[in-house]
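Per-entry structural report
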Amino acid sequence: MEQVIANGLYLGAQYALIALGLTLIFALMNVLNFAHGQMYVLGGFITYTVYGQLGLPFVVALLASGVTLAVIGALMEKFLFRTVIRRSHREESTMLLAAATAFFFDAVILLLFGEKQRGVPKIVKGVFNDAGIIMPYDRMVVGALAIVFIAAFVLYMQYSRVGRAMRALAQDRVAAQLMGVRVDRYSMIGFAMGAMLAGVVGGLLVTITGVNSGIGGPISIKAFLMVMIGGAGVVGGAIAGGFILGMMESVGLTVLREYGDVTYLVIFAALMVFLSIRPNGLMGKPWG
Amino acid sequence: AENKELKIGFVGVTSGPAAAWGTSNVRSMQTRAAWINETGGVKIGNDTYNINIVTFDDQKDPKRAIAGMEKMAQEGIHYVVGPNVDDGAAAVRPVAEANGIIYFPYAFPKALYQKPASNAVLGMIANYQSGPAIYKYLKENKGVKKIAFVAANESDPLSQRDSGVEAAKALGLDVVAQNDTYQNDTRDFTPVLTPIVALKPDLLVLSGVAPANAPLLIRAARELGYEGLISTETAQDAKVLQEGAGEYANGFISVGGASTPEIASDSMKEFVTRYTKMFGEYNDESNTKVYALEYIIETLKANPKAINDVAEFKKTMDTFSAPNPFLKGDAKLSYVGTTSFGQKRQLSVPMVVNEYKDGAFQTLFVGSVD
Amino acid sequence: MTHKRNVKIASVVAFLAIVFIAVPAAISASGRIDLYYTLTSVALLSIGSAGVWLTFYIGRINIGQGAYALMGGYVSAVLVMNHGWSFWPTLPVAGLFCAAASVLIGLPILRLRGVYFAMVTLTLTEVARLLALALPITNGAKGIVSIPLPGALSIFGLTVIPDFAVLQNSRLAFYLLAVTVMVVCFAVMYRLVNSRIGKLCQSLQQNEELASSIGVNIAYLRVIAYAVSSFFGGVSGAIFAAISQSIYPSSFTVTDSVNFMLNCFLGGLGYVFGPMLGTLVLYFGWDLLFQTGQFQLLIYSGLMIVLMLVLPNGLLSLAEMTRKKG
Amino acid sequence: MNRILNFTNVELYYDHVYALKGVSLEVNEGETVALIGANGAGKSSILRAITGLRKIRSGEIHYSGKRIDGAAPDEIVKMGIAMVPEGRRVFPYMTVRDNLLMGAFTRSSKSEIAASMEMVLGRFPRLKERFSQAAGTMSGGEQQMLVIGRALMAKPRLLLLDEPSLGVAPKLVQDIARSIVAINRDEKVSVLLVEQNSRMALRISQRAYALTTGSVALSGNSTELLTDDRVQRLYLGGEI
Amino acid sequence: MAEMLEVSGLTKRFGGLVAVNNVSFSVREKEILSVIGPNGAGKSTLFKLISSFLRPTTGEVRLKGERISGLAPHIAARRGVVRTFQETTIFKNMSVRDNVVIAHHLRSKASLFGFFLGTGTAKADEAAFGASADEILELLGLSSLAEETARNLPHGHLRALGIAIGLATDPSILLLDEPFAGMNHDETMRMVAMVRRLRERGLTILLVEHDMPAVMRISDRIVVLNFGQKIAEGTPSEIQADDKVIEAYLGSEDEAIGL
Ligand SMILES: Nc1ncnc2c1ncn2[C@@H]1O[C@H](COP(=O)(O)OP(=O)(O)OP(=O)(O)O)[C@@H](O)[C@H]1O
Ligand SMILES: Nc1ncnc2c1ncn2[C@@H]1O[C@H](COP(=O)(O)OP(=O)(O)OP(=O)(O)O)[C@@H](O)[C@H]1O
Ligand SMILES: [Mg+2]
Ligand SMILES: [Mg+2]
């Protein structure tokens, strides 16, 4: 059982980090970024290239992933989402755009990096094995890094000037504008940060799970689940949702294994029941 | 004189999460076609043909696959490789039969190849054929007694798991896990494997595992302290295993085609070289997929009338035999399948069982089907 | 007023003439037989999309239509294979089954809004797939295959529809079937939207609280709309199962659900016929780009992005824009 | 006296509706100017035009001699114009503290911001009591104080207020009115006040403009307007 | 006059907060009763309880002797209890006229299916609703804006539209939540006259409002809430003289600021 809980926690940290960027973009722009998973994949491939192929230090690779994705995110906001949001009657329209960009990324990634699963050398070797818990060191490092990233992000949003401006923007665009916040610029920064987070997680996790060009879509959907459990557009919710999903998977796969492939059925059903009782997720706000 | 054109179709998945299956497939066809065309084409009857591969990406959607097959019919194509999955293979059957198309799906449901179906030809070894052989070998040579299965919760892997379990039971093996499944988007398999590893099986079978998932499963199992054997009945890629699981992948057993040094002929080696040159990197999965095109061409050579008439093709299938260019020695190309399907609707490809070792496959044993 | 009415009648007649007469004639003249299936697909997918459109109309983003299409396919297949039914009665039954199921599912989940509803319906597709794998009646992973083609349908001894299996061209038969169902579905939708019910649906979309304060039974109306939507999904799934003569848990997936939704967006959420046009363009777009090989997805998605930038309110908003300018 | 705001011949329209049809008005340094008028007369539109939330079609807006029409809202805010929009738009999920800090978004000196904070909390002690509460959970009156306080955090030279008494209980309206007077007097802030409560507006302002359907109908000294017949009839109703 | 509505022991808790605390009062037929009180006193919550938008924690609301609390809002509306919203709540993307036409929903004789088929009853309904909507718009002075998209209206007209929507449902009790907010004196007085006319047509009216001159003019009786509790009830003159009310809500007059 200790092992199951340890697995759940580790998985949760990883998931929470994936969900953060998605929820940030949603909070700021009310855009459900279908391309989040693809951004993650791109981040993974960049780290693969820089660290795995070119042999540069892992930190450099991670930086490269983050920066590239941040730039891509900023461009996407500026040239795509901003225009569509301004011109469309219904804000759901951005979903089509987001889905189209997801397909586009899929195509680009497939063309650039091929169809194969890719992996990189481990960043730390060895396996921790004590007190009934087995956990490879690299997972522990990644888990710890994930928690550090999450904490840094939360602190940044909570206490920095930029973070505060972004929160204000998410709550009331016009009022934020009247405070002197440059709405366009901060939307762009927010989008870039969301994309950067996706890229960094991709780079981080490529050391453990590898990466391949097709997993973007499924990753997005998983991230949607977490965001929904916790409440859309709430940073705390995304984190909680990530840990809950991680724990549910870990426990479910052990407890329910006798019954065949019902774990996910149970998870999904539980989610539906949960949401019909709490229509805004765990800590969601009555919008979204 | 100018060569005529022979169009061969491909309907399969070359984008999305399963892109690897179709991509390795179509690339092997394109490599071979380019090779043939470069060396002057192929002489069938009195005419010489250049091979033109017409491809259709069905996005792993059976509904699209039908459209693809319709498109092939429209192009006047009678020989199509694909689709890559069960549902697509079942869905295109009405179209193929109505339009006189012989197709070579990489899907295992027996209904596709048994009467009254007659237009599908299984292009590789089915897992219910290779599974028992592998388990038997491992039982006899490696003392395997306890066996565990894990599969993605999707049609193809689950079907393969079920027939695997059946085969294992028939061999008298102790099946300790047969219900464990994972969502195909799983990236971290530790939670899936934790309870299975605790059962300490001698052999862990990854039923119908996608090449992308295999290294992740292997690595998670090994890191959890699993010490038994791991095997699968699908084809894998050595590079992927090396990158994804490193030395943990050593000893991993899978099926392959013909590129291991022990059995590959010079043609096979040249094929690999050409493929690598064309697409930048070889994919070992392609080993199992080199055959369909070869069979089509050779059968047409044997009976040129079949070029526009699949009834002729079917007739020829019963007696057809030609040398296998990809294998060392005097291996033959022929149609088999009577035992499994009651009619010759399977390519006689060697059942090559490989073991991964330090970045390459080694042949463990070679079997055959009838 | 009467002028407007005449224009309407004329365009309906023209549309019917095109889909029932001109298209088959053109296809047989040009020999592009494969287009039958393409157009059949478009018709069927547009029925499913029409359902999604209707849920958009009550303010719900529905990414779960694939679930009902799958369900409809299975209902029809099981009835035909296990209970010896003819295909024809299974068609409405599949729709009704889905409608009934959607009432049960909808009662709790229709209380959700915005992305929450969207995401729950997204998981619904996955639930349907997993159920199809797990339930004994669906034959699990092996799917249901070798389903016979639709037989003859006779009423009072009169053969209304011939046996598809003996037809020279069952493609044409399926095309006519799909298009007929499509015309009926869109007629129903058009009527719904242009009657007072449409206004009521709009009131839900814009403000549910206010709607209930003026006495609208919002829960009831939502469920009704969702049931109609799911009915459409079920019917289109059932016909697909008949065409492919097989059904698998993966016959309709999350991708299909997303596509149903995208069809609506692309056509335009403000227009009843948006889903039809959206489906046509997206499906054909992919098909036409078949020549571009490995760049197919790249070009396809690139064009989609451009379209979205130019016409963010859907293709049909183009007409409106030109009208405004003119 | 120095002009702080010159609003000359401004036309503004939404889609196809004209909201302002050539409105001119000015605000002098240190003055409180009231803007009264019926619903839809265009009062809010004037404020939106000044802060750049809406682009004007023609006319000119000068602030301290600089032309500001066409500039982006954030630039205008930086120049020293703060606006309290219609209908208490607090940042509901942020604390009172963070709301106030957002008010000082365009300023950088930490010590000056702290001083402003001190001043605002001194003026509205209720905010001090609720310092760490989420703004959305506060009562309507408290929220109204918060948005005024937040605007003051920008240390503006010109404060635009859009119906600060809307939906606020009478006693609180009094408090708010007193605060406006005090702010104008103590902080040397010029105020442009949009109010439906015309009596209150005319009492606490020096000059006023009355708007009807997008143009200025009347303007002048507030105390004179209070006794003006037309104003009595149209905006004050003669009696209480 | 008969008792129309009876509120007894009504309490609503939100978590730890008691928004409405054991409030009882009754409303007579054709009465105009105002509920006043400081911001956050629980007035809107009280209205939501009466119109069944919220379920009371304890206590009940009776309409002509029949319990209506705890039903669904649309059922309460069918029984004749309709509220307008404090926030300006309208169907944003419909025209002003459509807003009012759709609000006639309760009066329709045809069924949903009837509307689908376009039966005679349905057509008659449509025609009747249209005529009635035009009349209501005229009454509220919105006729000239009938075809404008509701979202584009300025604040004051939005409130009027909110009332028009309420009227269209043909209620027997109309609950108006701050109907005069954002209107100037003149407009307020016109609205006051209008509300009185409604009463003469047979409506009973409950009102929440902060505009004291208007409240004092229009109300037959006033109920005062503070921190969820009823602290006073009486005629306008009684309330104006009540020290508790002055202390909690009205404040003493201050000429300097005109209040
Ligand atoms: N977003 C908009 N789109 C279209 N028209 C608008 C919009 N906002 C305001 N209007 C129109 O502009 C005119 C002036 O509106 P404005 O909000 O300035 O009035 P106001 O004087 O502030 O009224 P109130 O006292 O009711 O707030 C009105 O006729 C209104 O209908
Ligand atoms: N859904 C809710 N959840 C939690 N608290 C609520 C909710 N609705 C209202 N409240 C709280 O109940 C109290 C009473 O609110 P209510 O809206 O009834 O006040 P009000 O008297 O109408 O005030 P105002 O005059 O400002 O409109 C407030 O403290 C409010 O924050
Ligand atoms: Mg205004
Ligand atoms: Mg209230």
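Residues numbered from 1 in each chain as written. Chains lettered and ligands numbered in written order. Predicted model: local features only at pLDDT ≥ 70, side-chain atom pairs only at ≥ 80, totals over all residues. Heavy atoms only, no water.

Let's shift gears to the site of ligand 2. Residue and element names in this part refer to chain E. The environment of ligand 2 is formed by 14 residues, the closest being G40, K43, S44, T45 and Q86. Residue K43 places a side-chain N or O atom 2.7 Å away from an oxygen atom belonging to ligand 2. Here T45 contributes a side-chain N or O atom positioned 2.5 Å from an oxygen atom of ligand 2. The fraction of the free accessible surface of ligand 2 (640 Å²) that becomes covered by protein chains is 68%. Counting residues per element, the ones that place at least two in the shell around ligand 2 are β2 (17-28) and α1 (43-50). (Near = heavy atom within 4 Å. Polar contact = N/O pair within 3.5 Å; in protein donor to acceptor, adjacent residues only side chain to side chain. Areas by Shrake-Rupley, 256 points an atom, 1.4 Å probe, with all protein chains shown as cover. Helix = DSSP H or I, 4+ residues; strand = E, 2+ residues; numbered from the N terminus.)

Ligand 1 sits among 20 residues. The nearest are G40, K43, S44, S45 and E86 of chain D. Proximal residues around ligand 1 fall on chains D and E, making this an inter-chain site. G42 of chain D places a main-chain nitrogen or oxygen 2.8 Å from an oxygen atom of ligand 1. Protein contact buries 87% of the 630 Å² of open area that ligand 1 shows by itself. At the level of secondary structure, the elements contributing two or more residues to the shell around ligand 1 comprise β2 (17-28) and α1 (43-51) of chain D together with α6 (155-168) of chain E. Broken down by element, the shell around ligand 1 gets its largest block of residues, four residues, from α1 of chain D.

Residue and element names in this part refer to chain D. Coordination of the magnesium ion (ligand 3) by the protein is provided by S44 (OG) and E86 (OE), with metal-donor distances spanning 1.9 to 2.4 Å. Of this pair, S44 sits in helix α1 while E86 sits in the loop between β6 (81-84) and α3 (96-103), placing them 42 residues apart in sequence. The class of S44 is buried, set by a relative accessible area of 12%. You can call E86 partly exposed: its relative accessible area is 21%. (Donors = N, O, S within 2.8 Å, 3.2 Å for Na, K, Ca; no water. Buried < 20%, exposed > 50% of the residue type's maximum accessible area, 1.4 Å probe, protein only.)

All names here are of chain B. Taking strand neighbours across the sheet as the criterion, the seven strands line up as β7-β6-β8-β9-β10-β14-β15 in an open arrangement whose pairing is mixed. This sheet does not close on itself; its edge strands, each paired only once, are β7 (174-182) and β15 (360-367). Along the sheet, successive strands turn relative to each other by an average axial angle of 25 degrees, direction set aside. Relative to β7, strand β6 (residues 146-152) runs parallel, the two being bridged by six bridges. When the bridges of β7 are listed, K146 appears paired with D174. (Pairing = 2+ DSSP bridges. Axes fitted to C-alpha atoms, helices over the stretch in contact; angles between N-to-C directions.)

For the rest of this paragraph, the subject is the interface of chain C and chain A. Contacts between chain C and chain A engage 44 residues on the former and 45 residues on the latter. Buried area between chain C and chain A, summed over both chains or domains, comes out near 4,000 Å², and the portion from carbon and sulfur atoms is 80%. There are zero salt bridges connecting chain C and chain A. Counting across the chain C and chain A interface gives nine residue pairs in polar contact (both at pLDDT 80 or more). Elements represented by at least two residues in the side of chain C that touches chain A include exactly α5 (114-134), α10 (254-267) and α12 (296-310) of chain C. The dominant element in the side of chain C that touches chain A, judged by the number of residues it contributes, is α5 of chain C, at 15 residues. Of the residues in the side of chain C that touches chain A, the class split is 32 nonpolar, nine polar and three charged. (Contact = heavy atoms within 4.5 Å. Buried area = accessible area lost by both parts, 1.4 Å probe. Salt bridge = Lys/Arg side-chain N within 4 Å of Asp/Glu carboxyl O. Nonpolar A, V, L, I, M, F, W, Y, C, P; charged D, E, K, R; others polar.)

A few words now on the environment of M29 of chain A. Residues and elements named next belong to chain A. Secondary-structure assignment places M29 in helix α1 (residues 2-29). Through-space distance from the C-alpha of M29 to that of F104 is 21 Å; in sequence the pair is 75 residues apart. For M29, the contacting residues outside a window of four places in its chain are E77, F81, I85, S187 and F191.

Each side of the interface is counted separately: chain E has 30 residues, and chain C has 23 residues. Each partner contributes to the roughly 2,400 Å² buried at the junction of chain E and chain C, and carbon and sulfur atoms together form 67% of this total. It is F91, L112 and F116 of chain E that lose the most area in chain E upon contact with chain C, and together they represent 28% of the buried surface on that side. Between chain E and chain C we count one salt bridge in total. With its nearest N and O atoms 3.6 Å apart, the salt bridge here joins D98 of chain E to K199 of chain C. Between the two partners, chain E and chain C, sit five residue pairs in polar contact (both at pLDDT 80 or more). Mapped onto the side of chain E that touches chain C, the elements with two or more residues apiece are α2 (73-79), β6 (81-83), α3 (96-102), α4 (112-117) and α5 (120-139) of chain E. Its residues assigned to classes, the side of chain E that touches chain C comprises 18 nonpolar, seven polar and five charged.

Attention now moves to the pattern of salt bridges. Residue and element names in this part refer to chain B. Tallied over the full model, the rule gives 72 salt bridges over all chains. Between E97 and R93 there is a salt bridge, with the nearest N and O atoms lying 3.1 Å from each other. Highlighted residues: E97 and R93, both in helix α3 (residues 86-99), separated by four residues, approximately one helical turn. You can call E97 partly exposed: its relative accessible area is 33%.

Our next topic: unusual backbone geometry. With an omega of -10 degrees, the peptide bond running from G82 of chain B to P83 of chain B counts as cis. Residue placement: P83 of chain B occurs in the loop between β4 (79-81) and α3. Going from K115 of chain B to P116 of chain B, the amide bond is cis rather than trans, its omega being 5 degrees. Mapped onto the fold, P116 of chain B is located in the loop between β5 (102-104) and α4 (127-142). For K200 of chain B, which is not glycine, the phi dihedral falls at a positive 50 degrees. Its place among the elements puts K200 of chain B in the loop between α6 (190-198) and β8 (203-207). Exposure remark for K200 of chain B: the relative accessible area of 61% places this residue in the exposed category. The phi angle at S52 of chain E is positive, at roughly 65 degrees, despite the residue not being glycine. Among the secondary structure elements, S52 of chain E is positioned in the loop between α1 and β4 (58-63).

What follows concerns the packing of aromatic side chains. Residues and elements named next belong to chain B. Considering all chains together, one arrives at 40 aromatic pairs over all chains under this definition. Summarising the aromatic geometry, the rings of Y275 and F279 are spaced 5.4 Å apart at their centres and angled 65 degrees between planes, so their arrangement reads as edge-to-face. One end of the pair, Y275, and the other, F279, are both in helix α9 (residues 266-279), four residues apart, so they sit about a helical turn from each other. Exposure remark for Y275: the relative accessible area of 0% places this residue in the buried category. Residue classification places F279 among the partly exposed positions, given a relative accessible area of 24%. (Phe/Tyr/Trp six-rings, centres within 6.5 Å; stacked < 30°, edge-to-face > 60°.)

Further remarks concern the domain arrangement of chain C. Residues and elements named next belong to chain C. Domains assigned within chain C are domain 1 (1-32) and domain 2 (36-259). On a C-alpha basis, the centroid separation for the pair domain 1 and domain 2 is 26 Å. Both sides together, the interface formed by domain 1 and domain 2 hides about 730 Å², and carbon and sulfur atoms give 76% of it. Taken together, the connections running from domain 1 to domain 2 amount to two residue pairs in polar contact (both at pLDDT 80 or more). A per-class count over the side of domain 1 that touches domain 2 returns seven nonpolar, no polar and two charged. (Domains from an automatic or database assignment.)

All names here are of chain A. Judged from the four bridges that link them, strand β1 (residues 127-130) and strand β2 (residues 133-136) form a sheet pairing that is antiparallel. Bridge pairing links F128 to M135 in β2. Counted along the chain from β1 to the antiparallel partner β2, the turn is two residues long, and its residue A131 has a positive phi close to 50 degrees.

All names here are of chain D. In space, the four strands of this open sheet follow the order β2-β1-β4-β5, with antiparallel pairing throughout. Looking at which strands have only one partner, the edges of the open sheet turn out to be β2 and β5 (66-67). In this structure, strand β1 (residues 3-14) lies alongside β2, joined through nine bridges in antiparallel fashion. Note on β2: the bridge partner recorded for L5 is V27.

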